[in-house]
There are 2 protein chains.
Amino acid sequence: MKINTKVELGIVALTDIAVHSENGESVRSSDIADRQNISQKYLEQILLGLRQGKFVKAQKGIHGGYQLSRPADRIMLCDILNALDNNILANTYEPDDKQPDGIRASVNNCLWSNLNSYMRSFIEDMTLADLIKEYKEFSAKEKDYMYYI
Amino acid sequence: MKINTKVELGIVALTDIAVHSENGESVRSSDIADRQNISQKYLEQILLGLRQGKFVKAQKGIHGGYQLSRPADRIMLCDILNALDNNILANTYEPDDKQPDGIRASVNNCLWSNLNSYMRSFIEDMTLADLIKEYKEFSAKEKDYMYYI
DNA sequence: ACAAATCCTATTGACATAGTAGGAATACCG
DNA sequence: CGGTATTCCTACTATGTCAATAGGATTTGT
């Protein structure tokens, strides 16, 4: 399944902000862009969407930057996905009136619609906090590994 | 999730062929096109792919048409999807060497890669026979419903 | 020979994606 | 108040994919 870059980078950016604002400071887009190897201008567009979706607060000016708008465990992944891409979780089938025998309708029910529900159930309860937790475990493991070399 | 028309129509076409060749006769593309309200020329392209993927056998000439290449319960849906669209079940993430801190990598593990596995597990054991069964139950219900009107 | 079917490939228009670019607006600091 | 650093907003563009159209070549049965 192809994930577009806005969705992927948006989630990466949110995770980056969460991880780097634990001291209470704002995170600049230029820092995120450097750390995550993203074009800053493109990242700004993505962050704009994330702010309009109320996932982050932005502060302009010399000590400006971004912070999460609320604790990470109250930022639902499905909301982020919907804000950044209106197709990824949507069931896009539309019935065709001119089709009498119902094969298309039943394939949709049995396959696409069920697959869609299934995907939603995977995402449903996940929050940004889960990604942060995963990242911390991941980087702790890396550190251990480096230590033993 | 957006399903492209080749995938959707391909599966519909296969189901149509299965349902309409139970007497042993081949099914013409023009009949499928009429029944399912698809452009015949476009359908031919899709059927070409299905034949090259060994899901159907084709017969040219005046009594030609298409038949399943083997019983429907041995035609796996995941194989069809892979033949018609090489992204739909693929995990398209590619690691970025220039990225030191591992946020992208861990988001991929926790989210995209797991979501992909989850989707696969839904499709994994389904065959064309399941769709045919669903369709028959569906159309039986429709018939009952019409009867009571 | 003819008709009817599949087979194959080229082309096109529309749309989405992945950026690039330029500057406006705002906030802080001296 | 002026300068600088930041976000904010919009326009543009290049590329690729998708969905479909089109035209004819090939094969088969009668």
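Asker: I'd like a description of the overall build of chain A, backed by residues and values.
Answerer: Scanning chain A from terminus to terminus reveals 6 helices and 2 strands. Ordering the α and β elements of chain A from the N terminus gives α-α-α-β-β-α-α-α. Its C-alpha atoms give chain A a radius of gyration of 19 Å, clearly above 15 Å, the size a compact globule of 149 residues would have. Expressed along its principal axes, the backbone C-alpha trace of chain A runs to roughly 65 × 45 × 25 Å. In chain A, which comprises 149 residues, the share counted as buried stands at 43%. Taking the contacts inside chain A whose residues are at least 6 apart along the sequence as the reference set, 62% of them involve residues at least 24 apart. Taking the 18 positively charged and 21 negatively charged side chains of chain A as two groups, their mean positions are separated by 7 Å.

Asker: Lay out the layout of surface pockets with the relevant residues and their values.
Answerer: Taken as a whole, the largest pocket holds about 390 Å³ of empty space. Lining the largest pocket are 15 residues, with A:M1, A:K2, B:M1, B:K2 and B:I3 positioned closest to its centre. Partitioned by chemical class, the residues of the lining of the largest pocket number 7 nonpolar, 4 polar and 4 charged.

Asker: Quick one: what's the story with the interface of chain B and chain A, residue by residue and with numbers?
Answerer: Taken residue by residue, the interface counts 53 residues in chain B and 53 residues in chain A. Taken together, the two surfaces of chain B and chain A that pack against each other cover about 4500 Å², and 69% of this comes from carbon and sulfur. Sorting the residues of chain B by area buried against chain A places B:M1, B:W112 and B:F122 first, and these three jointly supply 16% of that buried surface. The tally of links between chain B and chain A comes to 2 salt bridges. The closest approach of N and O atoms between A:E8 and B:R104, which form a salt bridge, is 3.6 Å. In this structure, the connection of chain B to chain A is made through 16 residue pairs in polar contact (both at pLDDT 80 or more). At the level of elements, α1 (5-20), α2 (29-36), α4 (77-84), α5 (103-123) and α6 (128-148) of chain B are the ones that each hand at least two residues to the side of chain B that touches chain A. The biggest single contributor to the side of chain B that touches chain A is α5(B), with 17 residues. Classifying every residue of the side of chain B that touches chain A by side-chain character gives 29 nonpolar, 14 polar and 10 charged.

Asker: Give me the protein's contact with DNA strand D: which residues, what numbers.
Answerer: Close to DNA strand D lie 26 residues, the nearest being A:R28, A:S29, A:R51, B:K41 and B:Q45. Among atoms of DNA strand D positioned within 4 Å of the protein, sugar and phosphate together represent 70%. A:R51 is positioned such that a nitrogen or oxygen atom in its side chain is 2.7 Å from a phosphate oxygen of DNA strand D. Side-chain polar atom of A:Y66 to a phosphate oxygen of DNA strand D: 3.0 Å apart, as the coordinates give it. Elements with a minimum of two residues in the surface near DNA strand D: α3 (40-52), β1 (56-59) and β2 (65-68) of chain A together with α3 (40-52) of chain B. The element that contributes the greatest number of residues to the surface near DNA strand D is α3(A), accounting for 6 residues. By residue class, the composition of the surface near DNA strand D is 6 nonpolar, 13 polar and 7 charged.

What counts, and where the lines are drawn
Each chain carries its own residue numbering, running from 1 in the written order of its sequence. Written order determines the labels here, with chains lettered from A and ligands numbered from 1. Local features in this predicted model are restricted to residues of pLDDT 70 or higher, and side-chain atom pairs are both shown and tallied only at a pLDDT of 80 or more, whereas totals for entire chains, interfaces and linings draw on every residue. The basis for the side-chain values is all heavy atoms of the structure; hydrogens and waters are excluded. A run of H or I in DSSP counts as a helix once it spans at least four residues, and a run of E counts as a strand once it spans at least two, with each numbered from the N terminus. To get the radius of gyration, use the C-alpha atoms; to get the globule rule, take the number of residues to the power 0.38 and multiply by 2.2 Å. Relative accessible area decides the class of each residue, using a 1.4 Å probe on protein chains only: under 20% of the type maximum gives buried, over 50% gives exposed, and in between gives partly exposed. Whether two residues touch is decided by their heavy atoms; if any such pair falls within 4.5 Å, the residues are in contact. Only four residue types enter the tally: Lys and Arg on the positive side, Asp and Glu on the negative side, with His and both chain ends excluded. Charge positions are represented by NZ for Lys, CZ for Arg, CG for Asp and CD for Glu. Cavity: a set of points on a 1 Å grid over the protein atoms alone where a 1.4 Å probe fits but cannot get out. Pocket: an open set with protein on both sides within 12 Å along at least five of seven lines, its lining residues, like those of a cavity, having an atom within 4 Å of a point. Grid points are joined across faces, edges and corners, and a volume is the space filled by probe spheres set on the points. Lys, Arg, Asp and Glu make up the charged group, whereas Ala, Val, Leu, Ile, Met, Phe, Trp, Tyr, Cys and Pro make up the nonpolar group; the residues left over, Gly among them, are polar. By buried area we mean the combined loss of accessible area, with a 1.4 Å probe, across both parts when two parts are placed together. Salt bridges, as used here, are contacts in which a Lys or Arg side-chain nitrogen is within 4 Å of a carboxyl oxygen on Asp or Glu. Distance and chemistry together define a polar contact, namely a pair of N or O atoms within 3.5 Å, with one atom able to donate a hydrogen and the other to accept it when in protein, and with adjacent residues in sequence counting only for side-chain atoms on both sides. Proximity is defined per residue: if any heavy atom of the residue lies within 4 Å of a molecule or strand, that residue is considered near it.

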